[in-house]
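Remarks on the overall topology
The primary structure of each chain is shown beneath.
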Amino acid sequence: MLKVLTFALCAAAPALAFCAATSALATTQDEVLQADLLPGWQMQNGHHMAGLRLQLAPDWKTYWRSPGEAGIPPLFNWSGSVNVKSVLVHWPSPVVFHTNGMQTIGYHEGVVLPLEVVPLDASKPVELRAGVDLGVCNQICMPAAVQLAAVLDAGGPDAAINSALQAQPVGGKAAGLRAISCEVSPIADGLQLTAVLDLPQRGAETVVFETADAGVWVGEAKSVRAGGRLTASVDLVASSGAPFALDRSGVVVTVLGAGGSVEIAGCPAP
């Protein structure tokens, strides 16, 4: 059982600056997080659609794949699985949190993450073993770790997994995206990427950039809208501190909005 004292966690992880100052508060992972694997069903293409269900205590949250500068991205380990070639995580649209002037992105009180499991041999049984490291936060933040296993058989429809699949961001075409262009310019320690999207407004909007290179730090984007045009800029800095070439095809631009989220792959030059 994992036990974390507030003052110890805050001292060990300065990035979690929004930890509570009350050092007397203590909690355990089991008090705030329950996790299990939903076995789901076999798809027509031979893949399995399973689900990772994370249930959090009231007012607790966990993070999206791109959690913001103060968030903790989840890490997955599928080693030990039997007859598994790969696992693709399908991400439902997250929500944006603002705490002490910092923006983070994630899920409030829980989420189901659909897992598309590709077997080595679709005619043989599949056993999925998942090790997941993640962060969970309320007034304090704590690292959490779970180990789960499930045998995936033909199964049948699962309402929780289907609901999570339907909550994924839509693609640009479905959202009415008419055009996107991106300019890259040098800054003192990296690059600035500016995207201009001809996209209908979807309520209050937050733009998130991701790159294919895990070694590139991505800042918090700043955006402005003028009618049907949304312009967003972000700073990109390589962890090495050295100049780098941006793979435009590996950039993902996600627009999180009250009217639904949009995910756009690729950031072409004007």
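Each remark here, short or long, concerns the structure printed above.
Described below are features of the structure shown in this document. Residue positions are given per chain, counting from 1 as you read along its sequence in written order. Residues qualify for local features only when their pLDDT is at least 70, as the model is predicted, and side-chain atom pairs are given and counted only at 80 or more; totals for whole chains, interfaces and linings, by contrast, use all residues. For side-chain calculations, the full set of non-hydrogen atoms in the structure is used, while hydrogens and water are omitted.

1. Details of the overall build of the chain
Secondary structure follows DSSP: runs of H or I at least 4 residues long count as helices, runs of E at least 2 residues long count as strands, and numbering of each begins at the N terminus. The helix and strand tally for the chain stands at four helices and 21 strands. Long-range contacts, defined as pairs at least 24 residues apart, comprise 67% of the intrachain contacts of the chain with a sequence gap of at least 6. Counting every atom, the chain has about 13100 Å² of accessible surface; 54% of that belongs to carbon and sulfur. All tallies of charge rest on Lys and Arg as positive and Asp and Glu as negative; His and the ends of each chain are not included. By convention, the charge on Lys lies at NZ, on Arg at CZ, on Asp at CG and on Glu at CD. Positive and negative charge centroids in the chain, built from 14 and 22 side chains respectively, lie 6 Å apart. Any two residues whose heavy atoms approach within 4.5 Å are treated as being in contact. Values of accessible area rely on a 1.4 Å probe in the Shrake-Rupley scheme; residue burial ignores everything except the protein chains shown.

2. Remarks on the sheet that holds strand 7 (residues 84-89)
With respect to topology, four strands assemble into an open sheet ordered 3-4-10-7, the strand pairing being antiparallel. Every other strand in the sheet has two partners, leaving strand 3 (33-42) and strand 7 as the edge strands with one partner each. Between one strand and the next, the sheet's axes are offset by a mean angle of 25°, whatever the strand orientation. When DSSP finds two or more bridges between two strands, those strands count as paired. The sheet contact formed by strand 4 (residues 48-56) and strand 10 (residues 110-119) spans eight bridges and is antiparallel. Bridge pairing in strand 10 links Ala-50 to Leu-115. Fitting a line to C-alpha atoms yields each axis, with helices limited to the stretch in contact; the angle taken between N-to-C directions then spans 0 to 180 degrees.

3. Here's the deal with the sheet that holds strand 21 (residues 262-265)
The strand order 13-21-20-16 describes an open sheet built from four strands, whose pairing is mixed. Edge positions in the sheet fall to strand 13 (170-171) and strand 16 (205-210), since each of these pairs with one other strand and no more. When strand 20 (residues 252-257) meets strand 21, the two strands line up antiparallel, connected through four bridges. By the bridge assignment, Thr-254 is partnered in strand 21 with Glu-263.

4. Things to note about the state of the cysteines
Throughout, disulfides are identified as pairs of cysteine sulfur atoms within 2.5 Å of each other. Evaluated as defined, the whole model comprises two disulfides. Each disulfide pairs two cysteine sulfurs, and for Cys-137 the partner residue is Cys-141, the sulfurs being separated by 1.9 Å. Judged by the sign of its S-S torsion, about 115°, the cystine formed by Cys-137 and Cys-141 is right-handed. Neither residue differs from the other here; Cys-137 and Cys-141 are each classed as buried. The partner cysteine of Cys-182 in its disulfide is Cys-267, sulfur to sulfur 1.8 Å. On the sign convention where negative means left-handed, the S-S torsion of about -75° between Cys-182 and Cys-267 marks this disulfide as left-handed. Of the two residues, Cys-182 is situated in strand 14 (residues 179-187) and Cys-267 in the segment after strand 21; the sequence distance between them amounts to 85 residues. Across the pair, exposure class does not vary: Cys-182 and Cys-267 are buried alike. When the cysteines of the chain that form disulfides are numbered from the N-terminus onward, they connect as 1-2, 3-4. Burial classes: relative accessible area under 20% of the type maximum marks a residue as buried, over 50% as exposed, and values in between as partly exposed (1.4 Å probe, protein chains only).

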